[in-house]
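Structural characterization, general
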Number of protein chains: 2
Amino acid sequence: MAHGGKPRPMKGIRQLAEHLDISIGTVSRALNGKPDVNEETRKRVLAAAEQLGYVANQSGRSLRQGTTNVIGLMIQSSRETVENSDNFFLTVTGGLQSVFSRHKLDLIMLPCPHDEDPYEYLKRMVARRIVDALIISETQRVDKRFDLLAKAKIPFAALGRSLSGAQHPWADLDFDGVVNCAVDRLVAHGHRRIAVSAPSSDINLGFIFVDGYRRALERHGIAYDPALVIRAKSSEQGGYQVADELLSLENGPTAVILIYELMAIGFYRRMMEAGIIPGRDIAVVSFREAPRAKFLQPALTCFRTSVHDLGVELAEILLSSMPAYSQEYPRKTRQTVWPLELIPGESDAFQLKTAK
Amino acid sequence: MAHGGKPRPMKGIRQLAEHLDISIGTVSRALNGKPDVNEETRKRVLAAAEQLGYVANQSGRSLRQGTTNVIGLMIQSSRETVENSDNFFLTVTGGLQSVFSRHKLDLIMLPCPHDEDPYEYLKRMVARRIVDALIISETQRVDKRFDLLAKAKIPFAALGRSLSGAQHPWADLDFDGVVNCAVDRLVAHGHRRIAVSAPSSDINLGFIFVDGYRRALERHGIAYDPALVIRAKSSEQGGYQVADELLSLENGPTAVILIYELMAIGFYRRMMEAGIIPGRDIAVVSFREAPRAKFLQPALTCFRTSVHDLGVELAEILLSSMPAYSQEYPRKTRQTVWPLELIPGESDAFQLKTAK
DNA sequence: CATAGTATCGTAAACGTTTACGGAGCGCGT
DNA sequence: ACGCGCTCCGTAAACGTTTACGATACTATG
């Protein structure tokens, strides 16, 4: 009974080596595809590993070679984001993984607790060295995390641009293009008084959106009226509130651009309550289509994109800035403004009769 | 220039020890709150660690003490799930973390790639020993993952019950209670022909829901008619399809129970197309309220619960089965059927006139 | 036969921690 | 003076890998 029986407790590479009567080093080389190993012994090793269910302990490996083969995606998931975003992150995750899995990289999500400072959380995660690279999301207009990551010299990319990260890799939806397209379209239909809804300008999106709106108006020679910019939450209630505020204006708009499709639900309702019919009395265009809005009558004009493919793009941006993969993903630029496509509906499909 | 200057490159505990002229062991003990260390030196160590930004390398620590202080939440995120579930997982995650963070445990999400077998993926994750414990979700009716985890002797809990996991820890929504309550309510309003929609019976939910429906009918002495069970996807299209199939029946129902609120959108639309008004001509009750359904007219009667608190419960179930925390979370039972609350609307608020 | 080269493998160090163990210093009682 | 206990700290082993290096056996070449 020298080395017979079934050594069930698979503790590590050592047991595997003993079971094969091979040195531990050779086993490691065989498993990792290193050159200095006979093809036949390699087969034996792989077969035994498969049979005994051996998989290398990640801690040992990471400690030795200083790499984890894991990419982290940090999400803040504030209560409001969770309520309103329609699985945006899970969809992006799908795109990211479809790229990473080709390189045997695993993606993990790092959800920052609601009661912890995102900066401190990220610092901890970086220091623990549990990931080789990081993707941060929900970027703020000024975001210290960019500096942290740059200083830590860990490869990263951002889902969402930032002033702090002007020269860093990111991918972001083309908010500017959207609002430009929307304004152009509305102006072509005869509108001059166009309202816009946006979240607080602290959030980068809130700033970019309104800034683009402003420049678009300027391009058409329309004066910018601050009263037509409504700050509201990106929710159904927010849409209701936007309608409410616009109704209270003396000189109200003939068209409105909503920043999130969900808002349209509340907006429609409030307007209908007031006897104003979207698509007939007021034009509505909304950013980012979500599957839930299809029921709206009249059909909402909005913008669509493949969030999955945005994830693919972001993954490639990240890999291009990781030394081990950069030659596989050569790039001119590491900053992508992701395009969206206009889906025409009935909510703005009328020509304004009276020129104001 | 013995040990002056700023030793910026913080490589590990060794540098920290040298910088303090203290042995490496003492530094470790000081940082980890072990008893055999002078309070003053402890303060010095903590201060220096803070100043130099030292955080223990996780790989080294894990390797030594065989524990990672990380809990994994595996999600499959099939394309359909991502489309339809309204951030259910992110909400649960919030509840989980609110418990875990109290014990300095970190939660990471492990999203299984779409093209990989969930069982193999889990096997890999377990073998790599990147987590101390696991939560699996989207459990199947028979789910090999339970056996895998039990055999690997890694603590785990499931979000969703399973036949395989009958004796294992889980928390799940009370589908049975929901369908019972719905049937009781509809019967009390005079309905005898009640239809139900459910996903495929492979999915555990699909089985439980219909089984509960069947027993509830039996309790009221109503014959079970298979024609009134419609298998459909939990989406808007699915709801449209359910209405369509029900309309084609010779002897149609006077009430319907939908399994997901999103379906009500399509259901309403198809019914209105046929000139049948929900809440007047047909009663509608739906499971699980989502914020998006509030606009429906007439208001949908549905069931609500705090998904966040479900996460809290699940976290406590898991901790109670981890040796290091079990005495802190004593439990009689490790299986929770999570209750939901009825939110009465107008969609079923009428008494059926003609007794059939 | 001697030598060089090649293919394959074993040995041991290293990664950064934690922790069991023992030792030094000190106070105190006998 | 001696022994004992206590507090605090240093030493070194161990965790499971990977990998640089050297050793061995064999083949080919002169």
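Conventions we followed
Residues numbered from 1 in each chain as written. Chains lettered and ligands numbered in written order. Predicted model: local features only at pLDDT ≥ 70, side-chain atom pairs only at ≥ 80, totals over all residues. Heavy atoms only, no water. Near = heavy atom within 4 Å. Polar contact = N/O pair within 3.5 Å; in protein donor to acceptor, adjacent residues only side chain to side chain. Helix = DSSP H or I, 4+ residues; strand = E, 2+ residues; numbered from the N terminus. Contact = heavy atoms within 4.5 Å. Salt bridge = Lys/Arg side-chain N within 4 Å of Asp/Glu carboxyl O. Pairing = 2+ DSSP bridges. Axes fitted to C-alpha atoms, helices over the stretch in contact; angles between N-to-C directions. Parallel < 35°, antiparallel > 145°, perpendicular 65-115°, else oblique. Left-handed = near helix turned anticlockwise from the far one by under 90°. Nonpolar A, V, L, I, M, F, W, Y, C, P; charged D, E, K, R; others polar. Domains from an automatic or database assignment. Expected span 1.5 Å × (residues − 1). Buried < 20%, exposed > 50% of the residue type's maximum accessible area, 1.4 Å probe, protein only. Least-squares fit on C-alpha atoms with pLDDT ≥ 70 in both. pLDDT = per-residue confidence, 0-100. 1 Å grid on protein atoms, 1.4 Å probe; cavity = no way out; pocket = protein on both sides within 12 Å on 5 of 7 lines; lining within 4 Å. Points joined across faces, edges and corners; volume = space filled by probe spheres on them. Phe/Tyr/Trp six-rings, centres within 6.5 Å; stacked < 30°, edge-to-face > 60°.

Near DNA strand D you find 26 residues, and of these I13, S28, K34 and R64 of chain A together with S23 of chain B are the closest. By atom count, sugar and phosphate contribute 59% of the portion of DNA strand D lying within 4 Å of the protein. Taking S23 of chain B, its main chain carries an N or O atom lying 2.8 Å from a phosphate oxygen of DNA strand D. Among the secondary structure elements, those contributing two or more residues to the surface near DNA strand D are α2 (24-31) and α4 (58-65) of chain A together with α2 (24-31) and α4 (58-65) of chain B.

Attention now goes to the interface of chain A and chain B. Facing the 53 residues of chain A at the interface are 53 residues of chain B. Taken together, the links from chain A to chain B amount to four salt bridges. Of the charged contacts in the structure, one is a salt bridge between R128 of chain B and D106 of chain A, with a shortest N-O distance of 2.3 Å. Residue assignment for the side of chain A that touches chain B shows that the elements contributing at least two residues are α4, β1 (70-75), α5 (79-84), α6 (88-100), β2 (106-111), α7 (118-128), α11 (236-247) and α12 (261-273) of chain A.

Here we take up the sheet that holds strand β12 (residues 341-343) of chain B. Residue and element names in this part refer to chain B. If you walk across this open sheet you meet the six strands as β7-β6-β8-β9-β10-β12, and the pairing is mixed. Every other strand in the sheet has two partners, leaving β7 (229-231) and β12 as the edge strands with one partner each. On average, each strand axis in the sheet is tilted by 20° relative to the strand beside it, whichever way the strands run. On top of the sheet, helix α9 (residues 175-188) reaches β6 (194-198), β8 (255-258), β9 (283-286), β10 (301-304) and β12; it is set at about 165° to β8, its chief contact. In the packing of helix α12 (residues 261-273) onto the sheet, contacts are made with β6, β8 and β9, and the angle to β8 comes to roughly 140°.

The next subject is the packing of α11 of chain A against α12 of chain A. Residue and element names in this part refer to chain A. At their nearest, the axes of α11 and α12 sit 6 Å apart, and the two run at 40° to each other. Judged on the interaxial angle alone, α12 and α11 are oblique. Crossing of α11 over α12 shows right-handed handedness. Together, E236, G238, G239, Y240, V242, A243, D244, L246 and L247 of α11 and L262, M263, I265, G266, F267, R269, R270, M271 and E273 of α12 make up the contact between the two elements. Class assignment for the residues of the contact of α11 with α12 results in 10 nonpolar, three polar and five charged.

On to the protein's contact with DNA strand C. Taken together, 26 residues sit near DNA strand C, with S23 of chain A together with I13, S28, K34 and R64 of chain B positioned nearest. What you see for DNA strand C is that sugar and phosphate hold 59% of its atoms within 4 Å of the protein. Between a base nitrogen of DNA strand C and a main-chain N or O atom of G60 of chain B, the distance comes to 3.1 Å. Elements supplying a minimum of two residues to the surface near DNA strand C: α2 and α4 of chain A together with α2 and α4 of chain B. Within the surface near DNA strand C, the residues separate by chemical class into seven nonpolar, 12 polar and seven charged.

On to the domain arrangement of chain A, then. When the parts of a complex come together, some accessible area is lost, and that lost area is often taken as the interface size. Taken domain by domain, chain A comprises domain 1 (13-56), domain 2 (70-168 + 307-338) and domain 3 (175-305). With centres defined by C-alpha atoms, the gap from domain 1 of chain A to domain 3 of chain A works out at 63 Å.

With that settled, consider helix α10 (residues 204-219) of chain B. Residue and element names in this part refer to chain B. Taking 1.5 Å as the rise per residue, α10 with 16 residues should run 22 Å; its terminal C-alpha atoms sit 22 Å apart, in good agreement. Residues of α10 that are buried: N204, G206, I208, F209, V210, G212, Y213, A216 and L217. Considering only its buried residues, α10 is in contact with α9, β6, β7 and β8. Directly beyond the C-terminal end of α10, a positive phi value near 70° is found at G221.

Of all the positions in α7 of chain A, only Y119, Y121, L122, M125, V126, A127 and R128 of chain A are classed as buried. Looking one or two residues past α7 of chain A, R129 of chain A carries a phi angle of roughly 55°, positive in sign.

Attention now moves to the sheet that holds strand β9 (residues 283-286) of chain A. Residue and element names in this part refer to chain A. The strand order across the open sheet formed by six strands is β7-β6-β8-β9-β10-β12, and the pairing between neighbours is mixed. Of all strands in the sheet, those bounded by a partner on one side alone are β7 (229-231) and β12 (341-343). Each strand of the sheet is rotated relative to its neighbour by a mean of 20°, with strand direction disregarded. With two bridges connecting them, β9 and strand β10 (residues 301-304) associate as parallel partners.

Here the focus is the relation of the copies chain A and chain B. After a rotation of 180° and a shift along the axis of 0.0 Å, chain A superposes on chain B with an RMSD of 0.1 Å. Within this description, the copies of the chain are treated as partners about a two-fold rotation axis. Most of the interface of chain A is mirrored in chain B, where 100% of its interface residues again form contacts.

Moving on, we get to unusual backbone geometry. Trans peptide bonds make up most of the peptide bonds, and negative phi angles are found at most residues other than glycine. The backbone of K104 of chain A shows a phi angle near 60°, a positive value even though the residue is not glycine. Within the secondary structure, K104 of chain A is located in the loop between α6 and β2. Positioned with a positive phi, N69 of chain B is a non-glycine residue whose angle comes to about 60°. Looking at where N69 of chain B falls in the secondary structure, it is placed in the loop between α4 and β1 (70-75). In this structure N69 of chain B comes out as partly exposed when scored by relative accessible area, which is 25%.

Our focus in this paragraph is the environment of P118 of chain B. Relative to the helices and strands, P118 of chain B resides in helix α7 (residues 118-128). Beyond its immediate stretch of four places on either side in the chain, P118 of chain B contacts M74, Q76 and C112 of chain B.

We now examine the confidence of the model for chain A. Across chain A, pLDDT averages 88, with 92% of residues at or above 70. When the criterion is pLDDT under 50, residues 1-8 of chain A qualifies, and its contacts beyond four places in sequence or with other chains add up to two contacts.

For the rest of this paragraph, the subject is empty space enclosed by the protein. Applying the stated criterion across every chain, the model contains four cavities of 30 Å³ or more. What lines the largest cavity is a set of 15 residues, among which Q58, S59 and I130 of chain A together with S59 and I130 of chain B lie closest to the centre. Of all the secondary structure elements, the ones that give two or more residues to the lining of the largest cavity are α4 of chain A together with α4 of chain B. Residue composition of the lining of the largest cavity, by class: four nonpolar, eight polar and three charged.

Tallied over the entire structure, the rule returns 10 aromatic pairs over all chains. Considering the side-chain rings of F175 of chain B and F287 of chain B, the 5.4 Å spacing of their centres and the 65° angle between planes classify their relative orientation as edge-to-face. Of this pair, F175 of chain B sits in helix α9 while F287 of chain B sits in the loop between β9 and β10, and the two are 112 residues apart along the sequence. Judged by relative accessible area, F175 of chain B falls into the buried class, the value being 7%. Put simply, the rings of F175, F209 and F287 of chain A touch in pairs and so form one group of aromatic residues.

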